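The residues making up each chain are set out below.
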Amino acid sequence: MVRIICTICAGETNEMIWKMYNLTDDEKAYLSGKEDSLSTPFIYEYCGSYKAILSNTVILAIMISFLTAICIPPVSADEHSRRTDQVILCTRFGRRPAFLAKLITAASFAICAVLLLFTSAAVPSFLIYGMEGYQAQIQIALPGSSWDLTMGQAVLILTGISLAAAVLLSCAALLLAEIFKSSIPAAGILIGLLLISSFLNIPEQFRLLSQIWSYCPAKLISVTGSLLEPRLVPFFGTYLASWQFGPFLYLLLSIFFALGRFTHIYRRWQAGGR
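Nothing here was measured: the structure is a model prediction, and the numbers come from that model.

## Considering the overall build of the chain
Step number 1: Scanning the chain from N- to C-terminus turns up 13 helices and four strands.
Step number 2: Sorting the 274 residues of the chain into buried and exposed places 47% on the buried side.
Step number 3: Carbon together with sulfur atoms contributes 69% to the accessible area of the chain, which is approximately 14,000 Å² in total.

## Remarks on the packing of helix α8 (residues 151-180) against helix α9 (residues 183-199)
Step number 1: At a minimum axis separation of 8 Å, α8 and α9 run at an interaxial angle of 135°. Relative to α9, α8 is oriented oblique. The two elements α8 and α9 meet at a crossing, and its hand is right-handed. Packed against α8, whose contacting residues are Leu-169, Ala-172, Ala-173, Leu-176, Ala-177 and Phe-180, the element α9 presents Pro-185, Ala-186, Ile-189 and Leu-190 at the interface.
Step number 2: In terms of residue class, the contact of α8 with α9 is built from 10 nonpolar, no polar and no charged.

## As for the packing of helix α4 (residues 57-71) against helix α7 (residues 96-129)
Step number 1: Two elements in contact, α4 and α7, have axes separated by 10 Å at closest approach and are oriented at 150°. In terms of their interaxial angle, α4 and α7 are classed as roughly antiparallel. Crossing angle aside, the handedness with which α4 passes α7 is right-handed. Contacts between α4 and α7 involve Leu-60, Met-63, Ile-64, Leu-67, Thr-68 and Cys-71 from the former and Phe-109, Ala-110, Ala-113, Val-114, Leu-117, Phe-118 and Ala-121 from the latter.
Step number 2: Class assignment for the residues of the contact of α4 with α7 results in 12 nonpolar, one polar and no charged.

## Things to note about the nonpolar core
Step number 1: The biggest cluster of nonpolar side chains holds 41 residues, and the ones touching the most others in it are Ile-161, Leu-227 and Trp-243.
Step number 2: For this core, the secondary structure elements donating two or more residues are β2 (42-45), α3 (48-55), α8, α12 (223-227), β4 (238-240) and α13 (242-266).
Step number 3: Here the element with the most residues in this core is α8; it accounts for nine residues.
Step number 4: Setting aside residues no more than four positions away along its own chain, Ile-161 makes contact with Leu-220, Ile-221, Ser-226, Trp-243, Pro-247 and Tyr-250.

## Thoughts on α9
Step number 1: Here α9 is 17 residues long and its end C-alpha atoms lie 25 Å apart, about the 24 Å a rise of 1.5 Å per residue gives.
Step number 2: Structurally, the start of α9 carries an N-cap: the backbone nitrogen of Ile-184 is 3.4 Å from a side-chain oxygen of Ser-182.

## What to know about the pattern of salt bridges
Step number 1: Scanning all chains against the criterion turns up two salt bridges.
Step number 2: The partner of Glu-27 in a salt bridge is Arg-207, with the nearest N and O atoms 2.7 Å apart. On the criterion of sequence distance, the pair formed by Glu-27 in helix α2 (residues 25-36) and Arg-207 in helix α10 (residues 207-213) is long-range, its members being 180 residues apart.

## A few points about the packing of aromatic side chains
Step number 1: This structure, assessed with the given rule, holds nine aromatic pairs.
Step number 2: With centroids separated by 6.1 Å and ring planes inclined at 70°, the aromatic side chains of Tyr-50 and Tyr-134 adopt a geometry described as edge-to-face. Of the two residues, Tyr-50 is situated in helix α3 and Tyr-134 in the loop between α7 and α8; the sequence distance between them amounts to 84 residues.
Step number 3: Tyr-50 gets classed as buried once you look at its relative accessible area, which sits at 6%.

## Focus on a nonpolar patch on the surface
Step number 1: Where nonpolar side chains cluster on the molecular surface, the patch consists of Tyr-46, Val-123, Leu-127, Ile-128 and Tyr-129 and spans about 540 Å² of accessible area.
Step number 2: Examined against the element boundaries, Leu-127 turns out to sit in helix α7.

## Section: unusual backbone geometry
Step number 1: Positive phi outside glycine occurs at Lys-181, with the angle close to 55°.
Step number 2: What makes Lys-181 partly exposed here is its relative accessible area of 23%.
Step number 3: Phi angles above zero are rare outside glycine, and Phe-236 is one such case at about 50°.
Step number 4: Relative to the helices and strands, Phe-236 is located in the loop between β3 (233-235) and β4.
Step number 5: Judged by its relative accessible area of 78%, Phe-236 falls in the exposed class.

## Digging into α8
Step number 1: With 30 residues, α8 should reach 44 Å at 1.5 Å per residue; the first-to-last C-alpha distance of 43 Å fits that figure.
Step number 2: The first or second residue beyond α8 is Lys-181, which carries a positive phi of 55°.

Each value, and the rule that gives it
Residues numbered from 1 in each chain as written. Predicted model: local features only at pLDDT ≥ 70, side-chain atom pairs only at ≥ 80, totals over all residues. Heavy atoms only, no water. Helix = DSSP H or I, 4+ residues; strand = E, 2+ residues; numbered from the N terminus. Buried < 20%, exposed > 50% of the residue type's maximum accessible area, 1.4 Å probe, protein only. Areas by Shrake-Rupley, 256 points an atom, 1.4 Å probe, with all protein chains shown as cover. Axes fitted to C-alpha atoms, helices over the stretch in contact; angles between N-to-C directions. Parallel < 35°, antiparallel > 145°, perpendicular 65-115°, else oblique. Left-handed = near helix turned anticlockwise from the far one by under 90°. Contact = heavy atoms within 4.5 Å. Nonpolar A, V, L, I, M, F, W, Y, C, P; charged D, E, K, R; others polar. Core = buried A, V, L, I, M, F, W, Y, C linked by side-chain atoms within 4.5 Å. Expected span 1.5 Å × (residues − 1). Polar contact = N/O pair within 3.5 Å; in protein donor to acceptor, adjacent residues only side chain to side chain. Salt bridge = Lys/Arg side-chain N within 4 Å of Asp/Glu carboxyl O. Phe/Tyr/Trp six-rings, centres within 6.5 Å; stacked < 30°, edge-to-face > 60°. Patch = residues over 30% accessible without salt bridge, like charges linked within 9 Å, V, L, I, M, F, W, Y side chains within 5 Å.

Written out as structure tokens, the structure reads:
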């Protein structure tokens, strides 16, 4: 293993980036404190496999979005399109058990899909480049990062964000399919959101809108969208980075979509109503 010790003075570059993103003085002070706690000089180690995995996260995010958009909506919409909702919803245990079964099926499918996709990206990378570099500092691949993380931790963080995003997309797919009583509009909306968020960027000077837009799964599941995003979220006297707040936000939205689907749509749907 080759190790190269090097010191990088990136203070002026980071200041320019923070100014571009309209960071507040408190955010700048917080990030400066994080950078002061980094172990320097940086020890550069070989970590080719982890770099390869991180570079493929954008493709994996697109594949996750397409899988959930195409495979999940029929789980909720088929009973309406096939006219079996009258049989299911009028039985004694038709609503709550059917709802839980669909929710668990959709979430477990999305989680298994994420794990399978990340495994399919990790195994070839490890076979080709080796498994060295888990403890390498993330600044090797991302010099502008202010976080004290290793390359292995970065891969695990993006995997966790992808799992939370997959659960969110599956809950959203079920909700949209229940609203439209069809899988086609639900899939179209999710794929449309994926395409729009992939190429549309809101300028950083519109701080609030731009930061909200950055939490779209297609943007957050990437090293530039999560691990390099300097904008922070206030949280009980401290700050959370996007890679810390993103999974928390996704899980909250998943609960909101699931409860909204059951309490306001699924439970109130009349078996004979068309």
